[in-house]
Amino acid sequence: MDVYKIALIPGDGVGPEVIDEGVKVLEKIAEMDGGFRFEFTRFPWGCEFYSETGKMMDEDGMEQLSEFDAIYLGAVGFPGVPDHISLWDLLLKIRKGFDQYINLRPIKLLNGAPCPLTEKPDIDMLVIRENSEGEYAGAGDWLFKDKPEEVVLQTGVFSRKGTERVIRYAYEEARAAGKTLTSISKGNALNYSMVFWDQVFEEVGKEYPDVKTASYLVDAASMFFVLDPTRFEIVVTSNLFGDILTDLGAALTGGLGLAAGANINPEKSYPSMFEPIHGSAPDIAGKELANPLAALWSASQMLDFFGQEDWGKRLLNTIEDLMVENKVLTPDMKGQATTKEVGDQVVEMLTAKVV
Ligand SMILES: NC(=O)c1ccc[n+]([C@@H]2O[C@H](COP(=O)([O-])OP(=O)(O)OC[C@H]3O[C@@H](n4cnc5c(N)ncnc54)[C@H](O)[C@@H]3O)[C@@H](O)[C@H]2O)c1
């Protein structure tokens, strides 16, 4: 029997609430399949841990995590701990330390999902976001602090290796799926980094003459995300642009309670990490109001990653059925159910579907 060793980092706020539901569903799936099982290990890292120890994770945290097949993360950040500390000392530390340079964010309008557009278009894109450098490289300087001549520099870092590998991954994905590939950049204003990005997109594209491509400036792309989202299939973009565009995409396809993301190290030299893209939602934490569907969608991405695509698809279909049924949903989806009730209902529907 295959055993998948999963490190759980439920984190802060609603993180533990939604991860509990994900674990419940994954355990049920493994039980129904019978051919694999999960071994979960829970880590207490996050802002509470920081308040007690002055650190977001154990000193040898990365070493501990390296033993696992994947990481399942809830959310990190809470009032009282500066956001740049919680982000850089846990989440970004893992993404960078484990070279999870591909961030996969599906922007798909499932049946039954709320959509603010009057005509519900058939939105189905996969945004591939560069996840290891770019605008989030953490490079820069803070000169003459608190002086009148104060200057801050935030440097975007686009290496050939980093740019080529994400663009190549996107071409491969587009070729395998038989879909179009759109690059989103900003070469007119960012005259070094994005001119380079566009050049690499073109260069790598020569190896993929069968893939139909398009290139947009990020401002135009933002407009088309809203006015004509069906023109996008596979999208590749930089760290910052991907971060912003996928929140816009999430807003169009059901809100933050439904949006999932996978941080992938394609070579599998290190564990990959699966997480809902929402934060710790301190405004609703501890009230059983959090929507666990984003965490469940990221569990479905994890199943795909392990080669259990049938289960990944079945879980996603169940999320869709649940929303179409429109009975057991959390308040962000205009329902009245609790986080746990939604998790229980997904388990029940999964079980009922198995012949
Ligand atoms: N990946 C992460 O861990 C991550 C991502 C974003 C923000 N954060 C951190 O989270 C904290 C709060 O940030 P924020 O308020 O900007 O973003 P947020 O995503 O936590 O919340 C934004 C809004 O969406 C709602 N929301 C979020 N998740 C929800 C869910 N599952 N169900 C229902 N409603 C949900 C919240 O109630 C809130 O109104 C900050 O400390 C921030 O740094 C962490």
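These numbers were taken from a predicted model, which means no experiment stands behind them.

### A short note on the site of the ligand
As a matter of local geometry, the ligand sits amid 23 residues, with Gly-77, Gly-257, His-278, Gly-279 and Asn-291 nearest to it. Of the residues forming the shell around the ligand, the biggest block, 3 residues, is contributed by helix H4 (residues 83-97). Across the shell around the ligand, the residue classes break down as 13 nonpolar, 6 polar and 4 charged.

### As for the UniProt feature "domain: Isopropylmalate dehydrogenase-like" (unreviewed entry) in the protein
The UniProt record marks residues 5-346 with the feature "domain: Isopropylmalate dehydrogenase-like" (unreviewed entry), using the residue numbering of this structure. Spanning residues 5-346, this segment combines 41% helix with 22% strand, and its end C-alpha atoms are found 23 Å apart.

### Some words on the domain arrangement of the protein
Looking at the assigned domains, one finds that the protein contains domain 1 (1-102 + 258-355) and domain 2 (116-252). Look at where the C-alpha atoms of domain 1 and domain 2 centre, and you get two points 25 Å apart. The interface is formed by 10 residues belonging to domain 1 together with 10 residues belonging to domain 2. Classifying every residue of the side of domain 1 that touches domain 2 gives 5 nonpolar, 2 polar and 3 charged.

### A short note on the nonpolar core
Counting 97 residues, the largest nonpolar core has Ile-71 and Ile-319 as its most contacted members. With 8 residues, helix H9 (residues 293-305) is the largest single contributor of residues to this core. Residues from two domains meet in this core; each of domain 1 (1-102 + 258-355) and domain 2 (116-252) gives at least three. In this view, Ile-319 contacts Leu-110, Leu-293, Leu-296, Trp-297 and Val-346; residues no more than four positions away in its chain are not counted.

### Points about the packing of helix H7 (residues 218-227) against helix H8 (residues 239-252)
Relative placement of two packed helices is described by the angle separating their axes and the distance separating the axes. H8 packs onto H7 with a crossing angle of 15° between their chain directions and a minimal axis gap of 10 Å. It follows from the interaxial angle that H7 and H8 lie roughly parallel. Our pair here, H7 against H8, has a crossing hand that is right-handed. The segment H7 lies against H8, with Val-218, Ala-221, Ser-222, Phe-225 and Val-226 engaging Phe-241, Leu-245, Leu-248, Gly-249 and Leu-252.

### What about helix H6 (residues 193-205)?
With 13 residues, H6 should reach 18 Å at 1.5 Å per residue; the first-to-last C-alpha distance of 18 Å fits that figure. Those residues of H6 that sit buried are Met-194, Trp-197, Phe-201 and Val-204. Angularly, the buried residues of H6 cover 90° about the axis, an arc narrow enough to put them on a single face. Those residues of H6 hidden inside the fold are in contact with helix H5 (160-177), strand S8 (181-185) and strand S9 (213-217).

### A closer look at the packing of helix H1 (residues 15-33) against H9
Direction vectors running N to C along H1 and H9 enclose 45°, while the axes themselves pass 8 Å from each other. In terms of their interaxial angle, H1 and H9 are classed as oblique. Crossing geometry of H1 relative to H9 is assigned as right-handed. Listed contacts from H9 to Val-18, Ile-19, Glu-21, Gly-22, Val-25 and Leu-26 of H1 are Ala-295, Leu-296 and Ala-299. In the contact of H1 with H9, the residues fall into 7 nonpolar, 1 polar and 1 charged.

### Focus: the sheet that holds strand S1 (residues 2-11)
The mixed open sheet is built from 10 strands, whose spatial order is S2-S1-S3-S12-S11-S4-S5-S10-S8-S9. Sheet topology places strand S2 (36-42) and S9 at the edges, where each strand pairs with a single neighbour. In this sheet, adjacent strand axes meet at a mean angle of 25° when their direction is disregarded. Inspection of the sheet shows strand S4 (residues 102-108) paired to strand S5 (residues 124-130) by 7 bridges, in the antiparallel sense. Bridge pairing in S5 links Pro-106 to Leu-126. The strands touched by H7 within the sheet are S8 and S9, with S9 carrying the most contacts at an inclination of about 105°.

The rules we used
- Residues numbered from 1 in each chain as written.
- Predicted model: local features only at pLDDT ≥ 70, side-chain atom pairs only at ≥ 80, totals over all residues.
- Near = placed C-beta within 6 Å.
- Helix = DSSP H or I, 4+ residues; strand = E, 2+ residues; numbered from the N terminus.
- Nonpolar A, V, L, I, M, F, W, Y, C, P; charged D, E, K, R; others polar.
- UniProt positions renumbered as here; feature names shortened; annotations may be inferred.
- Domains from an automatic or database assignment.
- Contact = placed C-beta atoms within 7 Å.
- Core = buried A, V, L, I, M, F, W, Y, C linked by C-beta atoms within 7 Å.
- Buried ≥ 20, exposed ≤ 12 C-beta atoms within 10 Å, placed from the backbone.
- Axes fitted to C-alpha atoms, helices over the stretch in contact; angles between N-to-C directions.
- Parallel < 35°, antiparallel > 145°, perpendicular 65-115°, else oblique.
- Left-handed = near helix turned anticlockwise from the far one by under 90°.
- Expected span 1.5 Å × (residues − 1).
- Arc of directions from axis to C-beta.
- Pairing = 2+ DSSP bridges.

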